[in-house]
Amino acid sequence: MLKRGALDEFCDMLDTYGGRDKVIRTLCYTTKLACGLYQESDPDFSKRLGIFSGRMSATRATLRLLDDWPMFQQTLRYGLGHKEPDKTMAVMGVLANIVDNIYYPVEKVCWLAEHRIISVKEPSKWDTASSICWVLSIFLNLLRILRNVTLMEQYSKTLAKAPNDSNREERRKLLWKQQQEMLSIVRLSLDLTQAVSTLPGGYLWGGKLSTLQIGVIGTVSSFIGLYQYFAKKHGPA
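Since the structure is predicted, the reported quantities are computational estimates derived from the model, not experimental observations.

Mind laying out the layout of surface pockets, listing which residues take part and the relevant values?
The calculated volume of the second largest pocket comes to roughly 160 Å³. Forming the boundary of the second largest pocket are Arg77, Tyr78, Gly79, Leu80, Gly81, His82, Lys83, Glu84 and Arg144.

Shown next as structure tokens:
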């Protein structure tokens with residue numbers, strides 16, 4: 001039987017937009033993974049799993065229709081990234097925000113066109129533009145985290161040169177942050193692999209990943225995201 005504490009944690013996560021999105025994303029990719037596994041042995045079951053996965057993906061896309069306003073607010077608060085450790089991270093952060101602010105309106109057009117609410121010329125080009133924005137956003141955030149890991153490693157070496165009781169706690173917290181950033185690198189690398197696969201054929205590995213491969217990539221990425229959600233909430237042990 002599920003412990004009361006665990007149930008509380010899960011319900012608290014479902015009460016937030018970000019937490020609920022992570023749960024829906026996990027359901028989407030775990031069923032896509034199962035769909036790929038059963039494609040040959042049980043095509044009918046695989047088809048039903050594929051439908052469920054598709055509905056979960058569509059749910060996330062629908063919920064993202066209102067994300068442009070929070071994204072715009074976040075961009076205004078971020079500004080030119082004056083709070084970042086260095087200018088390189090600030091530039092990458094600003095560029096990522098610009099791409100994200102382009103992505104959401106483009107995705108909105110794709111959604112409206114898909115549901116035949118509006119008519120657009122060559123909808124496939126809008127889909128490609130959406131995928132390109134997705135790829136660029138992940139790539140810029142990945143570069144930003146890689147830069148942050150480099151800066152943290154430099155700081156870690158500085159602390160190690162003069163180990164004492166006063167900076168022991170700081171070193172412990174820094175190690176925890178480094179571990180989380182390394183997990184983010186793995187997660188974003190998986191997300192980038194998947195995002196590139198949505199590009200048209202001829203662009204890198206666009207359109208070449210199977211349902212099973214996408215399911216594996218998305219499932220691993222989703223579980224890392226869930227772990228990071230709770231790890232961030234409770235902080236270093």
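On we go.
Describe the side chain of Asp86, with residues and values.
For Asp86, the position within the fold is in the loop between α4 (68-78) and α5 (87-114). Given the relative accessible area of 17%, Asp86 is considered buried. At 3.0 Å, the side chain of Asp86 forms a polar contact with the backbone nitrogen of Met89. Leaving out residues up to four positions away in the same chain, Asp86 has contacts with Arg147 and Leu151.

Can you lay out the side chain of Ser197 for me, pointing to particular residues and giving the numbers?
The topology assignment puts Ser197 in helix α7 (residues 165-197). There is a polar contact of 2.4 Å between the side chain of Ser197 and the backbone oxygen of Gln194. Beyond its immediate chain neighbours, meaning those up to four positions away, Ser197 contacts Trp205, Gly206, Gly207, Leu209 and Ile214.

So what's going on with the packing of helix α2 (residues 17-37) against helix α3 (residues 43-63)? Which residues, and what values?
Two elements in contact, α2 and α3, have axes separated by 8 Å at closest approach and are oriented at 155 degrees. As summarised for this structure, α2 and α3 are arranged roughly antiparallel, according to the angle between their axes. Read as a crossing pair, α2 and α3 show a hand that is left-handed. Facing Tyr17, Asp21, Ile24, Arg25, Leu27, Cys28, Thr31, Lys32, Ala34 and Cys35 of α2, the residues of α3 in contact are Ser46, Leu49, Gly50, Phe52, Ser53, Met56, Ser57, Thr59, Arg60 and Leu63.

Give me the lowdown on the pattern of salt bridges, citing residues and values where you can.
Within the structure shown, the criterion is met by 11 salt bridges. Among the salt bridges present, the one from Asp86 reaches Arg147, with a minimum N-O distance of 2.6 Å. With a gap of 61 residues between them, Asp86 in the loop between α4 and α5 and Arg147 in helix α6 (residues 123-161) connect regions that are remote in the sequence. Between Arg172 and Glu169 there is a salt bridge; the shortest N-O distance is 2.6 Å. Taken as a pair, Arg172 and Glu169 lie in helix α7 at a separation of three residues, close to a single helical turn. Residues participating in the shared-partner salt-bridge network are Glu9, Asp12 and Lys233.

Each value, and the rule that gives it
Residues numbered from 1 in each chain as written. Predicted model: local features only at pLDDT ≥ 70, side-chain atom pairs only at ≥ 80, totals over all residues. Heavy atoms only, no water. 1 Å grid on protein atoms, 1.4 Å probe; cavity = no way out; pocket = protein on both sides within 12 Å on 5 of 7 lines; lining within 4 Å. Points joined across faces, edges and corners; volume = space filled by probe spheres on them. Helix = DSSP H or I, 4+ residues; strand = E, 2+ residues; numbered from the N terminus. Buried < 20%, exposed > 50% of the residue type's maximum accessible area, 1.4 Å probe, protein only. Polar contact = N/O pair within 3.5 Å; in protein donor to acceptor, adjacent residues only side chain to side chain. Contact = heavy atoms within 4.5 Å. Axes fitted to C-alpha atoms, helices over the stretch in contact; angles between N-to-C directions. Parallel < 35°, antiparallel > 145°, perpendicular 65-115°, else oblique. Left-handed = near helix turned anticlockwise from the far one by under 90°. Salt bridge = Lys/Arg side-chain N within 4 Å of Asp/Glu carboxyl O.

The values reported here are purely geometric and, on their own, carry no functional implication.
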